Amino acid sequence: MGALVVGKSLRRHGTRRRTVVMVSPNVSLEARCPLECVFDEVVVVDLLDSGDRAHLSWLGRPELGVTFTKLHCWTLIRYRKCVFLDADTLVLCNVDELFEREELSAAADAGWPDCFNAGVFVFRPSLHTHSRLLQHAAQHGSFDGGDQGLLNSFFSDWAQTDISKHLPFIYNLSANAFYTYLPAFHRHGHDAKIVHFLGGAKPWHFSYNTQINQHSGSQLDQYVNLWWAEYHRQAPPTAARPETRELSMRKPSLVVETLPATPEIRPSLTDSLPPEVRAPPPPRPPPAPTDLTLHLLPPAPASQTPHSMRTNPEDTASDWTEHQDPPPGEGGGDSGSDSSTPASNELQQVETEEEKQSRRRMWEEGHMDYLGKDAFQNIRKKLDRFLD
Amino acid sequence: MPLARSWSVTSLSNLDEWDEEFDLEDAVLFEIAWEVANKVGGIYTVIQTKARLTSEEWGENYFLVGPYTESNVRTQVELIEPTNPALRRTIDKMNASGCKVYFGRWLIEGSPYVVLIDVGFTAWSLDRWKCELWENCGIGVPWFDREANDAVLFGFLTAWLLGEYAAQCEEPPHILAHFHEWLAGLGLMLCRQRQLPVATIFTTHATLLGRYLCAGNVDFYNNLAEFNVDKEAGDRQIYHRYCLERAAARCAHVFTTVSQITAIEAEHLLKRKPDIVTPNGLNVKKFSAMHEFQNLHAQSKNRIQEFVRGHFYGHLDFNLDKTVFLFIAGRYEFSNKGADLFLEALARLNYLLRVNHSDTTVIAFFIMPARTNNFNVETLKGQAVRKQLWDTAQSVKERFGKKLYESLLVGQLPDVSKMLDKEDFTMMKRAIFATQRQCQPPICTHNMLEDSNDPILTCIRRIGLFNSSSDRVKVIFHPEFLSSTSPLLPMDYEEFVRGCHLGVFPSYYEPWGYTPAECTVMGIPSVSTNLSGFGCFMEEHIADPSAYGIYILDRRYRGVDESCNQLTSFLYQFCQQSRRQRIIQRNRTERLSDLLDWRYLGRYYISARHMALAKAFPDTYVYEPHDSTVSGFRYPRPASVPPSPAHSLHSSPHHSEAEDNDEDDERYDEDLEAEKDRRNIRQPFALPHHRLHTNSSNNSQKN
């Protein structure tokens, strides 16, 4: 859910870089779909598949497992330079100028300004750096048990050496820290470019309707509102960018949905030099369910992985489209229309056992398709079977 | 609408006859709710007060079913062996198959039987049951919603209990099961799904979605018909709960709500029109002495006055005998409870009283618990100062009395000028000096945790009611429940209500509204709205509610500003009343308490039950719809001219202590009026829309 907003906000502010989101394997397939619409690339990173080096050192220090997920961004060697953004950030304007910075540029942490905050940073992907980071982790650990401690001790010269690597605070404004210096916030707050929702209460924990009443007033809420506004905004027209359109042609599944989201991703993202990249997130406890219309995809057997979709676009497309109507305002209609074969209509009739189970799972997670298959109308039909 | 008197005698006898005819011998009633012997919210009060009447009616065949919690059982329940053999077998069987079911008497009035089910003990079945629920009804329950998961367990266990009971009975039983609220609703659905021989009733006391929508500042009542309910519920993350609630309403033989307004809400949000409205009642305490409640009012009022003397020390520039006490009480929901409207109206009232140079002072109490850091020093000091002045006066009196006594002993009339010597004056001067204070009397009696964000305080700051001496309206915010052990205002809620003059409850969302009902049975007039269940009910039953001290604010068809003006005029009218007029009004208010007694209101439940039995067992019970659309009885206007100030405001030359105004006396005869009201209230028997007759011929065929 967070990643989706970051992606949307980047797009809306017209970034000219490629965007990549890195997701861990426990992010469900359904959840990845919307991300594919927003990002140029979705990279799945699996902790245990990430090579022996990682594996071994991970065995030595199991508590750092989660940390390594973030380090995976250094493996995106297709790109020369990237900007990493946490999934709990919100981009308020175009930030492409960050790519003029060098590794490792970051903004000071509001809590301890001699350390940088690892929510937004510029880096150069390199397998070499990656392995050194892993080594460093295995040897020294992380002083705070998370990625920020590790990165700060690895790039320990950040505080002293090069002032150009200090990003202005407006690139990583902690949404809950600025009250400590209120006048400064009033003076500079409106220049903020990236807001970072630190702490346990993420914007998606405030449900949309209540947050308006209860939290109005404070500055945090101003940003929470912005976040929700971004979330509810229609996906930006991808057609504006020629490359994206090509992409969507190749992968029909991309256009099918604007699923809002799954809370369990806490994606992080990265912009990179010519291309942009987003990095993966450690999984988070499931936060608030979404407010938007929720079309949940029953995982059709044929479409288990994005890979298989690409190989057999025709089948996949029909599989996807059978269950849901492409949401209005989405470019999705076109791919659906040319692939809706008679075969898919037959499929529509029978819901397989597997689909039923997955629908039940979605209920369990609080993501029922209340405007579609799970509408009360259908429940009523079930009830009426035994009422007479 | 015809007055009730028009079909008094016949209908009365009809119903009596019918009551005897309706044979409940072989029927059993289970009343199932999550709040049976388990206080969580308001449903507890409903069930607990209603139990006495229902157990009088059903006797040994009445069982309440609720969840088992150890602490509640320790304090409220006496566990015993099941009396009913079929039920005993049922419980034994369930306990043998991995449940924990308890049987006992609930130690409340009427001491009804309770069956308590330990929900946690069968938590291991949760997944299997959720699967079954999914298969049968297509409803799933998220794992993180603990309350909803409890509802699943409770639902399956109650359905098991009822099914097992039906199986254990030798003859086909007539089981009637009454489910309250969505938490119990699943049991109802399962009864229907398993085709158990059970007549079912479902009662919602408010709808889930309605509460959420109102709390979200939606223009609720004007858009009631337009909501896309699935979407609204889904967006608010209560879709599964809403499904359970709506499914129960769908499946029930008879569906009821607590008020007319909630009926409309249910019709639009749950898509089923309630078959009958079952208002909530109270167990009215009758005093043997007439007008005992007036004496209690006087006593309690004196204690409130004492508190006010302390609170306003140094600023006591108003006459306490001409001071009217208003109050609002309830959960701290600023706009749902109408505190916003009340404050705004108080500001306008203040203006009105000032421009009209009124000598009446109004003190408005806000009793709404919020987060605080205990009492503030200024208010405690106020009470201490008052106490000190009292002590000073006492000791001066003592010395005064002694001198008086001595002078009498020597056979002389006392010389008044010598009675108080210099020392006395010094003492009194010192005491007066201590009562001086520079600041205004405080608004809030406690230190608020979120002082700057508190909605009431923010609103008071905006409208500028700061208890200054020129203000005719003073405000006191007591953000804690009242308690008789409080050092500030040592009274419990009931005493406090009795001491006030008017309760003001201008709620926007109030499915029933026990607060104004409680006021009424204590003989205290109140303001409610036509959006609250209570207001609707009173409007329907009384021709001229305001004469009886029931002011009903129109918030349904009017804008906020208009409603606020209306409230202001109610309050202004009330302030214009003489003391005598208020006494007459209180008498009338108190007479309405019969209307709110379960003895009267329980009948709605009775007809709901008969309706359900007739629907479920058409062979045994038959229910005849009555043609008449008359709903119960209606109080006519009071026989004598109402004390409403609209009539007397300008006629009475001086509305001070017009206690013994002869002119008024002629127009008002308490006993006569009361007698007329009593005659009217005998009528409730004509209430239901439908009448029900046992079909005796069918019955005998079966036997």
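Please read all numbers here as calculations on a predicted model, not as lab measurements.

Draft legend 1. Highlighting the overall build of chain A. Assigned secondary structure in chain A consists of 17 helices and 10 strands. A buried classification covers 55% of the 388 residues belonging to chain A. For chain A, the share of sequence-separated contacts (at least 6 apart) that also reach a separation of at least 24 residues comes to 72%. Here chain A displays about 16600 Å² of accessible surface, and carbon together with sulfur accounts for 55% of that area.

Draft legend 2. The arrangement of the overall build of chain B in detail. In terms of helices and strands, chain B carries 28 helices and 19 strands. Across the 703 residues of chain B, 58% fall into the buried class. Of the roughly 28900 Å² of accessible surface on chain B, 51% is carried by carbon and sulfur atoms.

Draft legend 3. Broad picture of the side chain of His 253 of chain B. With respect to the helices, strands and loops of the structure, His 253 of chain B is situated in the loop between α10 (239–251) and β8 (254–257). Setting aside anything within four residues of it in sequence, one finds His 253 of chain B in contact with Arg 192, Val 198, Ala 199, Thr 200, Arg 272, Asp 275, Ala 612, Lys 615 and Ala 616 of chain B.

Draft legend 4. Just unusual backbone geometry, in detail. The omega angle of the peptide bond from Glu 103 of chain A to Leu 104 of chain A is -10°, so this bond is cis rather than trans. For Ser 111 of chain B, which is not a glycine, the phi torsion comes out positive at approximately 25°. Here Ser 111 of chain B lies in the loop between β4 (101–106) and β5 (113–117). Classification of Ser 111 of chain B as partly exposed rests on a relative accessible area of 28%.

Draft legend 5. Seen up close, the environment of Gly 14 of chain A. Residue and element names in this part refer to chain A. In this structure, Gly 14 sits in the loop between α1 (2–12) and β1 (19–23). Between the C-alpha atom of Gly 14 and that of Val 95, which follows or precedes it by 81 residues, the distance is 9.3 Å. Gly 14 has contacts with Asn 94 and Asp 96, leaving out every residue within four places of it along the chain.

Draft legend 6. Representation of the sheet that holds strand β9 (residues 194–196) of chain A in the model. Residue and element names in this part refer to chain A. If you walk across this open sheet you meet the three strands as β4-β9-β8, and the pairing is mixed. With partners counted over all chains shown, the strands left at the sheet margins are β4 (89–91) and β8 (173–174), one partner each. Two elements, β4 and β9, share three bridges in a ladder whose sense is antiparallel. Each residue of the ladder has a partner; that of Thr 89, found in β9, is His 196.

Draft legend 7. A look at the pairing of strand β6 (residues 116–123) of chain A. All names here are of chain A. Here β6 lies mainly inside the structure; eight of its eight residues are buried. Bridging between strand β3 (residues 82–85) and β6 involves four bridges; their strand directions are antiparallel. In the sheet register, Val 83 faces β6, and the bridge partner there is Val 122. Alignment of strand β5 (residues 105–108) against β6, held across three bridges, turns out to be antiparallel. The residue bridging Ala 106 from the neighbouring strand is Phe 121, located in β6.

Draft legend 8. Main features of the confidence of the model for chain B. Considering every residue of chain B, the mean pLDDT works out to 84; 86% of them sit at 70 or more. Ignoring residues within four places in sequence, the model shows residues 1–20 of chain B, a span with pLDDT below 50, making 27 contacts including any to other chains.

Draft legend 9. Examining the packing of aromatic side chains more closely. Residue and element names in this part refer to chain B. Scanning the entire structure with this criterion turns up 42 aromatic pairs over all chains. Their ring planes at 35° and their centres at 5.3 Å tell us that Phe 342 and Phe 366 sit as a pair that is tilted. With Phe 342 in helix α13 (residues 339–355) and Phe 366 in strand β11 (residues 361–367), this pair connects stretches of sequence that are 24 residues apart. Both residues of the pair, Phe 342 and Phe 366, count as buried.

Draft legend 10. Region of the structure containing the pairing of strand β6 (residues 174–180) of chain B. Residue and element names in this part refer to chain B. When you tally the buried positions in β6, you get seven out of seven residues, the bulk of the element. Burial of β6 is two-sided: the residues His 174, Leu 176, His 178 and His 180 facing one way and the residues Ile 175, Ala 177 and Phe 179 facing the other way are all buried. Pairing analysis gives six bridges linking β6 to strand β7 (residues 198–204), with the strands arranged parallel. Following the sheet pairing, Leu 176 is matched in β7 by Ala 199. Chirality of the crossover, the property in question, places the unit of β6, helix α7 (residues 181–193) and β7 among those that are right-handed.

Draft legend 11. Main features of the interface of chain A and chain B. Facing the 28 residues of chain A at the interface are 36 residues of chain B. Of all residues in chain A, Arg 360, Phe 376 and Phe 386 of chain A give up the largest surface area on contact with chain B, accounting jointly for 23% of the area buried on that side. A salt bridge links Arg 250 of chain B to Asp 384 of chain A, with the nearest nitrogen and oxygen atoms 3.0 Å apart. Connecting chain A to chain B are 11 residue pairs in polar contact (both at pLDDT 80 or more). Where the side of chain A that touches chain B is concerned, the elements lending two or more residues are α8 (208–214), α16 (353–364) and α17 (376–387) of chain A. Among the elements that line the side of chain A that touches chain B, the one with the most residues is α17 of chain A, at nine residues.

Draft legend 12. Expanded view of the sheet that holds β4 of chain B. Residue and element names in this part refer to chain B. Read from one edge of the open sheet, nine strands run β3-β4-β5-β2-β1-β6-β7-β8-β9, paired in mixed fashion. This sheet does not close on itself; its edge strands, each paired only once, are β3 (77–79) and β9 (276–277). Contacting β1 (27–32), β2 (62–67), β5, β6 and β7, helix α6 (residues 146–168) runs over the sheet at an angle of about 170° to β1. Sheet strands in contact with helix α11 (residues 260–269) are β8 and β9, and its direction is about 125° off that of β8.

The rules behind each value
- Residues numbered from 1 in each chain as written.
- Chains lettered and ligands numbered in written order.
- Predicted model: local features only at pLDDT ≥ 70, side-chain atom pairs only at ≥ 80, totals over all residues.
- Heavy atoms only, no water.
- Helix = DSSP H or I, 4+ residues; strand = E, 2+ residues; numbered from the N terminus.
- Buried < 20%, exposed > 50% of the residue type's maximum accessible area, 1.4 Å probe, protein only.
- Contact = heavy atoms within 4.5 Å.
- Areas by Shrake-Rupley, 256 points an atom, 1.4 Å probe, with all protein chains shown as cover.
- Pairing = 2+ DSSP bridges.
- pLDDT = per-residue confidence, 0-100.
- Phe/Tyr/Trp six-rings, centres within 6.5 Å; stacked < 30°, edge-to-face > 60°.
- Right-handed = clockwise from strand over helix to strand, strands pointing away.
- Buried area = accessible area lost by both parts, 1.4 Å probe.
- Salt bridge = Lys/Arg side-chain N within 4 Å of Asp/Glu carboxyl O.
- Polar contact = N/O pair within 3.5 Å; in protein donor to acceptor, adjacent residues only side chain to side chain.
- Axes fitted to C-alpha atoms, helices over the stretch in contact; angles between N-to-C directions.

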